[in-house]
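Chain residues, written in single-letter form:
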Amino acid sequence: MKAIPDNEVPRIEISKEIILIGMKVRMSFAQDKTFELWSHFSPKRNQIQNISDQDLYSIDIYDSITFFDALNPNAIFDKYAAVKVDGVEDIPEGMDQIVIPEGLYVVFTYVGKPSEAQAFFNYIYGSWLPGSNYLLDNRPHFALMGSGYKGEDPDSKEEFWIPVKTKM
């Protein structure tokens, strides 16, 4: 894993509202349907109007803020494969509009194969977050896959945006 160089720390950002269109699947970590979701979405994304850029978004929406408290690999959540749009005129059949509200995020850059990212996530949720000045917030989590994203290439790069709020 080449996820976080020792001299690099995650950045804190306030994200503006993001409007996306994409496809959804209900899944769990134990029954991961990510490949199936992207296999259905990718060939149909050219049906979406007003796409802002070439970036791809993988959005996770958890049913509650306590989802990560006692991580159950069978807990169900919504995962979306989506693209950002400048406006919504028409939503293709089988797709939904997703709105990520404005908010505070901690942003981690991951470099490596997505299939080997488990230790990276263990670090974020098991070490970094508990030792930080932040708590998870109940908003969508998302991965931004820009021009550096190369799928299962060991040099693939993506950003993970984790919704947070400051500890009181």
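Predicted model, so just to flag it, every value in this text is computed and none were measured. (Residues numbered from 1 in each chain as written. Predicted model: local features only at pLDDT ≥ 70, side-chain atom pairs only at ≥ 80, totals over all residues. Heavy atoms only, no water.)

### Describing the pairing of strand β8 (residues 141-145)
Of all the 5 residues making up β8, 5 are buried; the element is thus mostly covered by neighbouring parts of the structure. By the alternation rule, side chains of β8 split into His141, Ala143 and Met145 and Phe142 and Leu144, which are all buried. In terms of strand pairing, strand β3 (residues 56-61) meets β8 through 5 bridges, oriented antiparallel. If you follow Tyr57 over to β8, its bridge partner there is Leu144. (Buried < 20%, exposed > 50% of the residue type's maximum accessible area, 1.4 Å probe, protein only. Helix = DSSP H or I, 4+ residues; strand = E, 2+ residues; numbered from the N terminus. Pairing = 2+ DSSP bridges.)

### Digging into the nonpolar core
In globular proteins that are soluble, nonpolar side chains generally tend to be buried together. In terms of nonpolar packing, the biggest core is built from 33 residues, with Phe41, Ile48, Phe108 and Ile162 touching the most fellow members. Only β2 (18-27), α1 (34-41), β4 (77-84), β6 (103-111), α2 (118-128), β7 (134-136), β8 and β9 (157-166) provide two or more residues apiece to this core. Top element by residues in this core is β2. It accounts for 4 residues. In this structure, Ile18, Tyr80, Ile100 and Phe142 belong to the second largest nonpolar core, which totals 13 residues. (Core = buried A, V, L, I, M, F, W, Y, C linked by side-chain atoms within 4.5 Å.)

### As for the environment of Leu135
Mapped onto the fold, Leu135 is located in strand β7. C-alpha separation for the pair Leu135 and Pro92, spaced 43 residues apart in sequence, amounts to 36 Å. Aside from chain neighbours lying at most four places away, what touches Leu135 is Pro163, Val164, Lys165 and Lys167. (Contact = heavy atoms within 4.5 Å.)

### Structural notes on the environment of Glu158
Looking at where Glu158 falls in the secondary structure, it is placed in strand β9. For the pair Glu158 and Val111, spaced 47 residues apart in sequence, the C-alpha separation works out to 6.7 Å. Non-local contacts of Glu158, meaning those with residues more than four positions away in its chain, are made with Phe108, Thr109, Tyr110, Pro114, Ala143, Leu144, Met145 and Tyr149.

### Some points on the layout of surface pockets
One way to see where empty space is left: roll a probe the size of a water molecule over the atoms. A volume near 1,200 Å³ is recorded for the largest pocket. In this structure, the largest pocket is lined by 40 residues; those nearest its centre are Phe29, Asp32, Lys79, Phe121 and Phe160. Every element with two or more residues in the lining of the largest pocket is listed here: α1, β3, α2, β7, β8 and β9. For the lining of the largest pocket, the residue count by class is 25 nonpolar, 9 polar and 6 charged. (1 Å grid on protein atoms, 1.4 Å probe; cavity = no way out; pocket = protein on both sides within 12 Å on 5 of 7 lines; lining within 4 Å. Points joined across faces, edges and corners; volume = space filled by probe spheres on them. Nonpolar A, V, L, I, M, F, W, Y, C, P; charged D, E, K, R; others polar.)

Keep in mind that these numbers describe shape and distance, not what the molecule does.
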